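# Structural characterization, general
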Amino acid sequence: MNNRLYLHLTANKEKGFALPLAMLIGLILMGTGITVMMRVQGDQSKVIAQKAQADSLTSSEAAVARVRDLLNSVRVMATVDSNCTTGDCWERAEIPTGNPSTNFQRDLKKLAIATACGNTNRNNEIAYKILAPTEQRAVNPGLRDLASGEWFDLGNNRYYRVVNYVYLDDTEKTPPSRGLGWGVLTLEGLSLKSAATDLTNININRDSGDNAASRNRVVVTIPIFPSRPLAFTRTTVPTLWIREGATEDLSQTDQITASNPNYSGGAKFQGDVVMSDTTEATGFVEGTGTLRPNLECYINQNNIQQPTPAPNTPYKAQFVGVPEERLDFPNLPEPPNGITNLGELTSPLLPAQETFPRQGDTPTTRTINGQSVQVYEYIVNNINLSGNDRITITPGQRVVFYVGGDINGVIEHDCSRVSRPTVCKPGNLQIYADNGLDAAAPQICLRVGQNQRLEAFIFAPDYSLGKTGNGDFVGAAWGKKWGKISTCAPNSGAVAVTQGVEWTDLIQNLKPNPLNTLPQLGKIANWCEEPIDTTGTSECDFPNPSPSTSPSP
């Protein structure tokens, strides 16, 4: 009986201990569950905040690309600040209806006219990239709109705003190698759960809750470089480069006025035409800022032809250079010592004067496009041919004439008559004329008759140039004037020159230096995030100068 009593008492004792133990385990499990739930909620809030921050950074990245593209289309604005109280900046930019009061306004007006060029759909294209119309301002603002500092819509409840853009020239920061200066763009990105109701609110505490982490600021540094006009960026040499007047004939110059840039007739060109005049008397420089771009547009519409198929970037005529920055011709190549002096090549020609190179002539060894080649080079006083006389260049041979006087007559160099293995190119014949005989008005008249063909590069900085006849001239002609020789009028409606000489075939590099007045944005040199409450000096800095930056395409 005592054993029964002992077992009963023991069983009751264990039952009394089990209940507290079960309650203790329950409390532990409950605490663990609450801890896990709190951690999950914390992690979830952290993920939401991180996603919001990532969304705002994505907004900033998209905004940088958008602002950079806009600046690329109005590049002159890359060299002024976004804000100012006087002078030139985005905030004050406009295309003047009257005479431009600054060079900045003049450049904007020229760009607007050249961009539209008879296409009514593009009449306001540049104006809208400066100041957008009300209906498109929120989504497609202009640079002047961005200078306001307000928020603009990227879609999907994402927004951006430009805090400022500052251009640092060489007086404020060491420029990049071969560059003009630096453009420093500061902007903010914003990502919200729902659409913003007030795009003018730029206060730091404008958002709360999850949106408090949805805003960020980036500072982007962009190198600004000078650039060459379009005609000098191709693999081929511009078909015409003149430094006085335009492509009108002598009898048509008086038709051109500030109020009427049109003229009747004139030569046609299948290639780029560069006009780099800078003088009042011969360069169509006038106060309204409209004559040169309107004349350029007229030539493009009426006198520039495209081949079939057309190049991706069509050929065009372009005025380049301004009074404060000329686009000068490069120096003429110097004839090497010891080359043959032919003296006068005038009619009647002797048999030994008709075909070049001649048997027994000694070539010069030159390095062209990285290869050692044989070039036959000659000094000539004048070339004056009449009747059936002509000078013929043997296809496949490289010939250079250094001319001191005039050229008037037929020179034939026809690569279309040969095939491989003979390699014949328009640049195989090069003519450089320096007016060494000191003529008062030196001239080159190329006579290319029916079924004749001249392929050549001609560079004569002080000469009036012209081409007459129905034959083909493939290559390039650079000189002082075009079409001003009364006895060398082009055939109406015919193409005077077709572009075809490659830069790499020239005996000397003749590409002009880039122009400071044609700014070009380079690749982003530095990207930095900074607190959105930063005022005054930025916390971001960048290499001084960056050695690896280069112009963008």
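See above for the structure.
We now turn to the structure provided with this report. (Residues numbered from 1 in each chain as written. Predicted model: local features only at pLDDT ≥ 70, side-chain atom pairs only at ≥ 80, totals over all residues. Heavy atoms only, no water.)

## Some details on helix α5 (residues 291-302)
- Taking 1.5 Å of rise per residue, the 12 residues of α5 would be expected to cover 16 Å, and the 16 Å separating its terminal C-alpha atoms lies within 8% of that figure.
- The element α5 is extensively covered by neighbouring structure, given that nine of its 12 residues are classed as buried.
- Within the span of α5, buried status applies to Leu291, Arg292, Pro293, Leu295, Glu296, Cys297, Tyr298, Ile299 and Asn300. (Helix = DSSP H or I, 4+ residues; strand = E, 2+ residues; numbered from the N terminus. Expected span 1.5 Å × (residues − 1). Buried < 20%, exposed > 50% of the residue type's maximum accessible area, 1.4 Å probe, protein only.)

## Describing the state of the cysteines
- Per the counting criterion, the structure on display carries five disulfides.
- Shown here is the disulfide that connects Cys117 with Cys297, its sulfur atoms set 2.3 Å apart. Where Cys117 bonds to Cys297 through sulfur, the torsion about that S-S bond is close to 105°, and the disulfide is right-handed. Note that Cys117 is positioned in the loop between α2 (103-116) and α3 (125-130) and Cys297 in helix α5, a separation of 180 residues in sequence.
- For Cys117, a relative accessible area of 19% corresponds to the buried category.
- Accessibility expressed as a relative area gives 8% for Cys297, which makes it buried.
- The side chain of Cys528 participates in a disulfide bridge whose partner is Cys540; the two sulfur atoms lie 2.0 Å from each other. On the sign convention where negative means left-handed, the S-S torsion of about -75° between Cys528 and Cys540 marks this disulfide as left-handed. Of this pair, Cys528 sits in strand β23 (residues 526-530) while Cys540 sits in the segment after β23, and the two are 12 residues apart along the sequence. (Disulfide = S-S within 2.5 Å.)

## Remarks on the environment of Pro330
- Secondary-structure assignment places Pro330 in the loop between β8 (317-319) and β9 (340-346).
- Under the relative-accessibility criterion, Pro330 is labelled buried at 18%.
- Distance from Pro330 to Pro512, taken between C-alpha atoms, is 6.3 Å for residues 182 residues apart in sequence.
- Residues contacting Pro330, with those up to four places away along its chain left out, are Trp241, Phe459, Trp478 and Leu510. (Contact = heavy atoms within 4.5 Å.)

## Thoughts on the packing of aromatic side chains
- For the structure on display, the rule yields 18 aromatic pairs.
- Between Phe356 and Tyr378 the ring centres are 5.1 Å apart and the planes differ by 70°, which places this aromatic pair in the edge-to-face class. Here the residue Phe356 occupies a position in strand β10 (residues 355-356), and Tyr378 occupies one in strand β12 (residues 371-384), the gap between them amounting to 22 residues.
- On the basis of relative accessibility, which here comes to 1%, the residue Tyr378 falls in the buried class.
- When the centroid spacing of 6.0 Å and the interplanar angle of 65° are considered together, the rings of Tyr432 and Phe457 count as edge-to-face. (Phe/Tyr/Trp six-rings, centres within 6.5 Å; stacked < 30°, edge-to-face > 60°.)

## Some points on the pattern of salt bridges
- The full count for this structure, using the stated rule, is 24 salt bridges.
- Residues Glu188 and Arg217 are paired through a salt bridge, measuring 2.7 Å at the closest nitrogen-oxygen approach. Remark: Arg217 occurs in strand β4 (residues 215-227) and Glu188 occurs in strand β3 (residues 181-191); sequence separation between them is 29 residues.
- Of the residues examined, Glu188 reaches a relative accessible area of 0% and is grouped as buried.
- Looking at Arg217, the relative accessible area reads 6%, which means it is buried.
- Among the salt bridges present, the one from Arg417 reaches Asp414, with a minimum N-O distance of 2.8 Å.
- For Arg417, a relative accessible area of 58% corresponds to the exposed category.
- Overall, the relative accessible area of 7% leaves Asp414 in the buried class. (Salt bridge = Lys/Arg side-chain N within 4 Å of Asp/Glu carboxyl O.)

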